[in-house]
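Listed below, chain by chain, are the residues.
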Amino acid sequence: DVKTTQTSTDVFGRTYEQDASGSGSGIIVAQDSKNIYIASNVKCRPPENRDPAPEESAACLPWLRMQFRLLRPKIVVCLGRIAAQQMIGKDFSVTRDHGKFFDKQGTLFMATLHPAALLRNPKSKISAFEDFVALREKIEQVCDHTYNRS
């Protein structure tokens, strides 16, 4: 039950990636866990698993901006509609635009399906896997040190 998974994130302090380990998150970790930082655009889950209100997202934005300033990411992967619309654009559609890269002020953004969506619709795992294959290829292009095997 997805709601139980997300509720347990709040109660037990685990991340979505730990709770949804059978879906998209396992792919994230398999990419290269030492070069990945996971952040959330909303720092606490809204009650009853509802979408965050604009003022809730706005209240958390200074923390997210600080994380960007400190980390200076080359690539950002948004998990799901909420993150993608806040980070890439308000008209972003995950079903239409997932797996595509967008350059925003020198940082590449890509969105894929949220792990909870993969739990609801396991057939979508194929699309998410393809997104992460594209991500790996982009990492090899942009971050030459990441997979440098020499």
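Bear in mind that the values here come from a model prediction, so they are computed numbers and not experimental data. (Residues numbered from 1 in each chain as written. Predicted model: local features only at pLDDT ≥ 70, side-chain atom pairs only at ≥ 80, totals over all residues. Heavy atoms only, no water.)

1. A look at the pattern of salt bridges
Any two side chains of opposite charge can pair, given that their charged atoms come close. Using the criterion set out here, one finds 5 salt bridges in the structure. Between D51 and R81 there is a salt bridge whose closest N-O contact spans 2.6 Å. Remark: R81 occurs in helix α5 (residues 81–87) and D51 occurs in the loop between α3 (24–32) and α4 (54–71); sequence separation between them is 30 residues. Relative accessible area serves as the criterion here: at 39%, R81 is assigned to the partly exposed category. (Salt bridge = Lys/Arg side-chain N within 4 Å of Asp/Glu carboxyl O. Helix = DSSP H or I, 4+ residues; strand = E, 2+ residues; numbered from the N terminus. Buried < 20%, exposed > 50% of the residue type's maximum accessible area, 1.4 Å probe, protein only.)

2. Points about the nonpolar core
Of all hydrophobic cores here, the largest spans 14 residues; its most connected members are C78, A84, I88, F92, F109 and A111. Put simply, the parts of the chain that give this core at least two residues each are β1 (75–79), α5 and β3 (107–112). The greatest single-element share of this core, amounting to 3 residues, is contributed by α5. Not counting the four nearest positions on each side in its chain, I88 is found in contact with C78, A83, F102, K104, F109, M110 and A111. In this structure, L79, L135, I139 and C143 belong to the second largest nonpolar core, which totals 8 residues. (Core = buried A, V, L, I, M, F, W, Y, C linked by side-chain atoms within 4.5 Å. Contact = heavy atoms within 4.5 Å.)

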